[in-house]
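Secondary and tertiary structure notes
Each chain is listed here by its residues.
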Amino acid sequence: MIFAKVIGTVVSTQKDPKLTGKKLLLCKEVDHSGKPLESYHVAVDAVQAGEDDFVLLTYGSAARMTDLTKDAPIDAVIMAVIDDVNVQESA
Amino acid sequence: MIFAKVIGTVVSTQKDPKLTGKKLLLCKEVDHSGKPLESYHVAVDAVQAGEDDFVLLTYGSAARMTDLTKDAPIDAVIMAVIDDVNVQESA
Amino acid sequence: MIFAKVIGTVVSTQKDPKLTGKKLLLCKEVDHSGKPLESYHVAVDAVQAGEDDFVLLTYGSAARMTDLTKDAPIDAVIMAVIDDVNVQESA
Amino acid sequence: MIFAKVIGTVVSTQKDPKLTGKKLLLCKEVDHSGKPLESYHVAVDAVQAGEDDFVLLTYGSAARMTDLTKDAPIDAVIMAVIDDVNVQESA
Amino acid sequence: MIFAKVIGTVVSTQKDPKLTGKKLLLCKEVDHSGKPLESYHVAVDAVQAGEDDFVLLTYGSAARMTDLTKDAPIDAVIMAVIDDVNVQESA
């Protein structure tokens, strides 16, 4: 899984029927401290994430393992909003 | 999912039978504002996308989750034409 | 899918039994105009491609979706020989 | 599989129900000698790994092949703590 | 599939039960001529490869398609020892 920050929404009318009712969020990849990295990702939101939230993204077939995303043509899902990242002192 | 712009078509006669009747589109990856990036992708069109359209591409096993692409040997599908990307002001 | 050019063959005797009878081709990734890129790939040939052919490669689980490659431990397949790539003028 | 070192933990309350009871560890990718590389990964721990442990990470659908991670929306799992890496002298 | 050279072994006691009896080999990615590239990979050996062998690695769900690796949490397998790579003259 990778860290990301939700920064926007993607709107589409002409889409695969299995996308209906799924929120597409624009996410910017960040590191474990929340610092922005280069990549942008579009992911389905499975945990009611809001804008500015620090989240975890799952990629690939795993993205279809939530109740919301089962069998949908999507390859990325937000499956957790992060409360905290604890990095050990010696790291 | 990643953003792309449809810029052409790919024609093939000698191909796997499961590709028959599927439109192969040449796509250029773009960022969320539509600015061209480096990569090119070939994807099956599942939503009647046209040339110049700003679309979403799904990769991997998820590309076989549309009715059109079920069980086909393809790893990328266009599953949405994008109307709008809303980026929050503070991002 | 990505574009590639077939540039050679790979010969193996000591291999998984499910590879028997499958042709392993050495492919160089190219762009949509056929210009060579950096990467090399080894793919199973599912469409009787020949050397020098301009082809499409499918990656991942999709590579097992042809009759030839079903259930085999391979992650890349040639599933189309390309006749033509039409790029729109404004692109 | 890739080598990693466990360097922290990720805490989340608002998450997919299938993540309940799974420990999310922050891992830094390292090479075979344990030297830190650039990438960070978040992985579920399936082998009671502890902080500072030198571990193996499995990616993709394989990450759901442990008893703990079956059917969960996760794309990376720690499935081995490494005792030793033996590199042959001529390498 | 990618080319690699076997350069060592990885030893683990604390691991997922499905890894028992599977040999984990340290592989260095090479090009088609055997020239070392940058990446290292850990893969399960399904074809009795030995150190210094020039081999093919399969990634992703395909790595579970050998009898040895079925249902195991591994994402890379050695499924062929290479005898020869024939590159056509004009390439």
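Look a little higher up for the structure.
Here we summarise the structure given alongside this text.

Conventions used here
Residues numbered from 1 in each chain as written. Chains lettered and ligands numbered in written order. Predicted model: local features only at pLDDT ≥ 70, side-chain atom pairs only at ≥ 80, totals over all residues. Heavy atoms only, no water. Helix = DSSP H or I, 4+ residues; strand = E, 2+ residues; numbered from the N terminus. Rg over C-alpha atoms; globule rule 2.2 N^0.38 Å. Buried < 20%, exposed > 50% of the residue type's maximum accessible area, 1.4 Å probe, protein only. Lys, Arg positive; Asp, Glu negative; His and termini not counted. Charge placed at Lys NZ, Arg CZ, Asp CG, Glu CD. Contact = heavy atoms within 4.5 Å. Buried area = accessible area lost by both parts, 1.4 Å probe. Salt bridge = Lys/Arg side-chain N within 4 Å of Asp/Glu carboxyl O. Pairing = 2+ DSSP bridges. Least-squares fit on C-alpha atoms with pLDDT ≥ 70 in both.

**Quick notes on the overall build of chain A**
A tally of helices and strands in chain A yields zero helices and six strands. Written out in order from the N terminus, the α and β elements of chain A read β-β-β-β-β-β. For 91 residues, the compact-globule estimate of 2.2 N^0.38 gives 12 Å, and chain A sits close to it at 14 Å. The principal-axis extents of the C-alpha atoms in chain A amount to approximately 50 × 25 × 20 Å. The proportion of buried residues among the 91 residues of chain A is 57%. In chain A, 9 side chains carry a positive charge and 14 a negative one; their mean positions are 9 Å apart.

**Some words on the interface of chain A and chain D**
With 27 residues of chain A in contact, the opposing surface of chain D contributes 31 residues. When chain A packs against chain D, the two sides together hide about 2300 Å² of surface, and 52% of this comes from carbon and sulfur. Per-residue buried area on chain A facing chain D is highest for Met1(A), Met65(A) and Gln88(A); these three make up 31% of the total on that side. Remark: the boundary between chain A and chain D carries zero salt bridges.

**Some thoughts on the pairing of strand 5 (residues 76–81) of chain D**
All names here are of chain D. In terms of residue burial, strand 5 counts as a mostly covered element, since six of its six residues are buried. Sheet analysis places strand 4 (residues 54–59) next to strand 5, joined by five bridges and oriented antiparallel. Paired with Leu56 across the strands is Ala80, a residue of strand 5.

**Section: the interface of chain E and chain C**
In many reports, interface size means the accessible area that the parts give up when they come together. Every contact between the two is made by 27 residues of chain E and, on the other side, 31 residues of chain C. Together chain E and chain C conceal approximately 2300 Å² of surface at their shared face, both sides included; 52% is due to carbon and sulfur atoms. Contact with chain C buries area across many residues of chain E, yet Met1(E), Met65(E) and Gln88(E) alone supply 31% of it, more than any other trio. Linking chain E to chain C there are zero salt bridges.

**So, the pairing of strand 2 (residues 24–30) of chain B**
All names here are of chain B. Within strand 2, seven of the seven residues are buried, which leaves it mostly tucked inside the rest of the structure. Here strand 2 shows two buried faces, one formed by Leu24, Leu26, Lys28 and Val30 and the other by Leu25, Cys27 and Glu29. Of the pairings in the sheet, the one linking strand 1 (residues 2–11) to strand 2 comprises six bridges and is antiparallel in character. Paired with Thr9 across the two strands is Leu25, which belongs to strand 2.

**Quick look at the environment of Asn86(C)**
Of note, Asn86(C) is situated in strand 6 (residues 84–87). Along the sequence, Asn86(C) and Val44(C) sit 42 residues apart, while their C-alpha atoms lie 26 Å from each other. If we ignore the near neighbours within four places in the chain, the residues touching Asn86(C) are Ile7(B), Gly8(B), Thr9(B) and Val11(B).

**Some points on the arrangement of the chains**
These two, chain B and chain D, are apart from each other, with no contact and a minimum C-alpha gap of 10 Å. Between chain B and chain E there is no contact; the minimum C-alpha to C-alpha separation amounts to 10 Å.

**Details of the relation of the copies chain E and chain C**
Turning chain E through 72 degrees and shifting it by 0.0 Å along the axis lays it on chain C, with an RMSD of 0.0 Å. Here the two chains are linked by the operation of a five-fold rotation axis. By residue overlap, the copies meet through two different surfaces: only 7% of the interface positions of chain E are interface positions in chain C.

**Focus on the environment of Val30(D)**
Residue and element names in this part refer to chain D. Mapped onto the elements, Val30 comes out in strand 2 (residues 24–30). For Val30, a relative accessible area of 4% translates into the label buried. Sequence spacing of Val30 and Tyr59 is 29 residues, and the spatial spacing of their C-alpha atoms is 15 Å. Once residues lying within four places of it in the same chain are set aside, the contact partners of Val30 are Phe3, Ala4, Lys5, Lys35, Pro36, Leu37 and Phe54.

**Considering the relation of the copies chain A and chain D**
Placing chain A over chain D gives an RMSD of 0.0 Å and needs a rotation angle of 72 degrees, together with 0.0 Å of translation along the axis. When you check the interface residues of chain A against chain D, a mere 7% turn up at the interface there too, and the two sides of the contact use different surfaces.

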